[in-house]
Amino acid sequence: SSKEDLMENEVIVNHEEIIVKIVTENWRLMKLFIKVITKLDASEANRYLNQIRYFQKTIYDSLDEAGMKLVNLEGQFFDAGMAATPLNIDEFETDDKLVVEQMIEPLIMKDGIIRKQAIINLIKVDQ
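Our subject in this report is the structure included herewith. Note that the structure is a prediction, hence the values are computed from the model and not measured.

**Here we look at empty space enclosed by the protein**
Going through the model one piece at a time under the given rule, you end up with one cavity of 30 Å³ or more. In this structure, the largest cavity occupies an estimated 40 Å³ of space. Lining the largest cavity are Asn 26, Trp 27, Met 30, Gln 56, Ile 59, Tyr 60 and Leu 70. Residues belonging to the lining of the largest cavity are distributed by class as follows: five nonpolar, two polar and no charged.

Dropping the structure here:
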């Protein structure tokens with residue numbers, strides 16, 4: 001029945017929202033963890049970085065299984081149509097050439113549809 005289909009779709013959407021929350025918090029935790037790792041000596045840092053790479057690959061593979069993907073915008077030129085909210089846009093002039101310096105929260109897509117906009121910081125680049 002259409003009522004059962006509707007309830008099933010609501011469950012799927014709810015599960016996707018939960019996945020988006022988990023991936024977002026994982027993203028933030030990994031950023032923090034990487035910052036901490038940079039304070040360690042090189043051999044110890046490399047061991048932890050390898051563990052992070054493995055963990056992130058597992059997350060990306062799991063997202064892929066769910067038909068979702070995390071899009072990294074860091075290093076890309078910013079334009080107003082980007083699926084991202086820049087926290088520091090008011091620090092720049094309209095004609096400044098801007099690049100995404102840092103993603104505070106990731107951009108998550110499913111089947112070409114934005115499930116979660118990124119939150120970013122921008123930096124000005126020379127023309």
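Next comes the rest of the account.
**With respect to the side chain of Thr 24**
Mapped onto the elements of the fold, Thr 24 is located in helix H1 (residues 2–37). Other than its neighbours up to four places away in sequence, Thr 24 contacts Glu 105, Pro 106, Ile 108 and Lys 116.

**Focus: the pattern of salt bridges**
Scanning the entire structure with this criterion turns up eight salt bridges. One salt bridge connects Arg 115 with Glu 16, and the closest N-O pair in it is separated by 3.1 Å. With Arg 115 in strand S5 (residues 113–116) and Glu 16 in helix H1, the pair connects residues that are 99 residues apart, well separated along the chain. Glu 16 sits in the buried class, given a relative accessible area of 10%. The salt bridge involving Glu 25 is made with Arg 28; its shortest N-O contact spans 3.7 Å.

**Let's talk about the sheet that holds strand S6 (residues 118–125)**
Note: strands within a sheet are paired through backbone hydrogen bonds, in either parallel or antiparallel orientation. One open sheet holds the three strands; their spatial order is S2-S6-S3, and the pairing between them is mixed. At either end of the open sheet lies a strand with only one pairing partner, and these are strand S2 (84–86) and strand S3 (97–105). If you compare each strand with its neighbour and ignore which way they point, the axes differ by 45° on average. Pairing analysis gives three bridges linking S2 to S6, with the strands arranged parallel. Directly across from Thr 85, in S6, lies its bridge partner Ile 119.

**Focus on helix H2 (residues 42–65)**
Taking 1.5 Å of rise per residue, 24 residues should cover 34 Å, and H2 covers 34 Å from first to last C-alpha, within 8% of that figure. Among all positions of H2, only Ala 45, Ile 52, Ile 59 and Leu 63 are buried. Elements that come into contact with the buried residues of H2 comprise H1 and strand S1 (68–71). Taken from the residues just after H2, Gly 67 is the one with a positive phi, measuring 75°.

**Topic: the layout of surface pockets**
The space that makes up the largest pocket amounts to roughly 170 Å³. If you trace the largest pocket, you find it lined by Arg 28, Lys 31, Leu 32, Lys 35, Gln 102, Met 103 and Ile 104. Every element with two or more residues in the lining of the largest pocket is listed here: H1 and S3. When residues of the lining of the largest pocket are assigned to their parent elements, the largest contribution, four residues, is made by H1.

Definitions and cut-offs
- Residues numbered from 1 in each chain as written.
- Predicted model: local features only at pLDDT ≥ 70, side-chain atom pairs only at ≥ 80, totals over all residues.
- Heavy atoms only, no water.
- 1 Å grid on protein atoms, 1.4 Å probe; cavity = no way out; pocket = protein on both sides within 12 Å on 5 of 7 lines; lining within 4 Å.
- Points joined across faces, edges and corners; volume = space filled by probe spheres on them.
- Nonpolar A, V, L, I, M, F, W, Y, C, P; charged D, E, K, R; others polar.
- Helix = DSSP H or I, 4+ residues; strand = E, 2+ residues; numbered from the N terminus.
- Contact = heavy atoms within 4.5 Å.
- Salt bridge = Lys/Arg side-chain N within 4 Å of Asp/Glu carboxyl O.
- Buried < 20%, exposed > 50% of the residue type's maximum accessible area, 1.4 Å probe, protein only.
- Pairing = 2+ DSSP bridges.
- Axes fitted to C-alpha atoms, helices over the stretch in contact; angles between N-to-C directions.
- Expected span 1.5 Å × (residues − 1).

From the geometry alone we can't say anything about function, so treat these as descriptive.
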